[in-house]
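Structural characterization, general
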Amino acid sequence: MLDGSMVRRKQEKKKRPPFGMPKGIVLLATPEGWRHSVLTAEGGMLCGRLADVPNNADPAEARTAAAAMVVGLAHDFHEADVEVTWDPPREPRSWTGQVALVTTPPNACG
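Residues numbered from 1 in each chain as written. Predicted model: local features only at pLDDT ≥ 70, side-chain atom pairs only at ≥ 80, totals over all residues. Heavy atoms only, no water.

Section: the overall build of the protein
This is how the line gets drawn: Runs of E in the DSSP output that reach at least two residues are strands. Runs of H or I that reach at least four are helices, and both are numbered from the N terminus. Buried residues are those whose accessible area, probed at 1.4 Å on protein chains only, stays under 20% of the maximum for their type, while exposed residues exceed 50% and partly exposed ones sit between those limits. Contacts between residues were defined by any pair of non-hydrogen atoms, one from each residue, lying within 4.5 Å. The Shrake-Rupley method, run with a 1.4 Å probe, gives the accessible areas here. Residue values count only the displayed protein chains as cover.
Scanning the protein from N- to C-terminus turns up one helix and five strands. Moving toward the C terminus, one meets the helices and strands of the protein in the order β-β-β-α-β-β. Going through the 110 residues of the protein one by one, you find that 31% of them count as buried. In the protein, the proportion of contacts linking residues at least 24 apart, taken out of those at least 6 apart, comes to 39%. On the protein, roughly 8100 Å² of surface is accessible, and the fraction owed to carbon and sulfur atoms is 53%.

See the structure below:
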């Protein structure tokens, strides 16, 4: 007979989200379309194309779409609210944005 103190319980592992917390974004206008690289706090990077933004879209439209994508990623994967602040462009057709946490995720340590 096993008593409660002798039974081992499986410890639930906290599963890491498949995407790290965004901390920055780079947006580039290319002839093929608007490209982005999202940088994460953990040192990762997610690169791709803004699929719903036409190649000839105004840069403000592309920045708005890119910021919405980052806000959605932070919310979906980390239950966190973030905002993107765009730096003044240093090069033509290239923008860099900083991602700031607006609310702390419910499972954050601290």
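Notes on the side chain of Thr-40
Within the secondary structure layout, Thr-40 lies in strand E2 (residues 33-40). Ignoring anything within four residues of it in the chain, the contact list for Thr-40 reads Phe-19, Gly-20, Met-21, Pro-22 and Lys-23.

Points about the pairing of strand E1 (residues 22-30)
We count it as follows: At least two DSSP bridges between two strands are needed for those strands to be called paired.
Sheet analysis places E1 next to E2, joined by eight bridges and oriented antiparallel. Bridge pairing in E2 links Thr-30 to Gly-33. Linking E1 to E2, which pair antiparallel, is a turn of two residues. Both E1 and strand E5 (residues 94-103) contribute to a ladder of five bridges, which runs antiparallel. Bridging across to E5, Val-26 finds its partner in Thr-96.

So, the packing of aromatic side chains
Applicable threshold: In summary, the pairing rule links any two rings of Phe, Tyr or Trp, Trp by its six-membered ring, whose centres are within 6.5 Å, and it sorts them by plane angle into stacked for under 30 degrees, edge-to-face for over 60 and tilted for everything else.
Counted under the stated rule, the structure contains one aromatic pair. When the ring of Trp-34 is compared with that of Trp-95, the centres are 5.6 Å apart and the planes differ by 40°; the resulting orientation is tilted. Taken together, the residues span a long stretch of sequence, with Trp-34 in strand E2 and Trp-95 in strand E5 at a distance of 61 residues. There is no split in this pair, since Trp-34 and Trp-95 are both buried.

Focus on the environment of Pro-92
Summarising the element assignment, Pro-92 is placed in the loop between strand E4 (81-86) and E5. Relative accessible area serves as the criterion here: at 74%, Pro-92 is assigned to the exposed category.

Focus: the sheet that holds strand E3 (residues 45-49)
To keep it simple, the criterion reads: For every element, the axis is a line fit to its C-alpha atoms; helices are fit only across the contacting stretch, and the angle between N-to-C directions ranges from 0 to 180 degrees.
Across the sheet, which stays open at both edges, the five strands sit in the order E3-E2-E1-E5-E4 with antiparallel pairing between neighbours. Strand pairing shows two members of the sheet lacking a second neighbour, E3 and E4, which therefore form its edges. When the angles between neighbouring strand axes are averaged without regard to direction, this sheet yields 20°. Along the sheet face, helix H1 (residues 59-78) touches E1, E2, E3, E4 and E5 and points at about 155° away from the line of E4.

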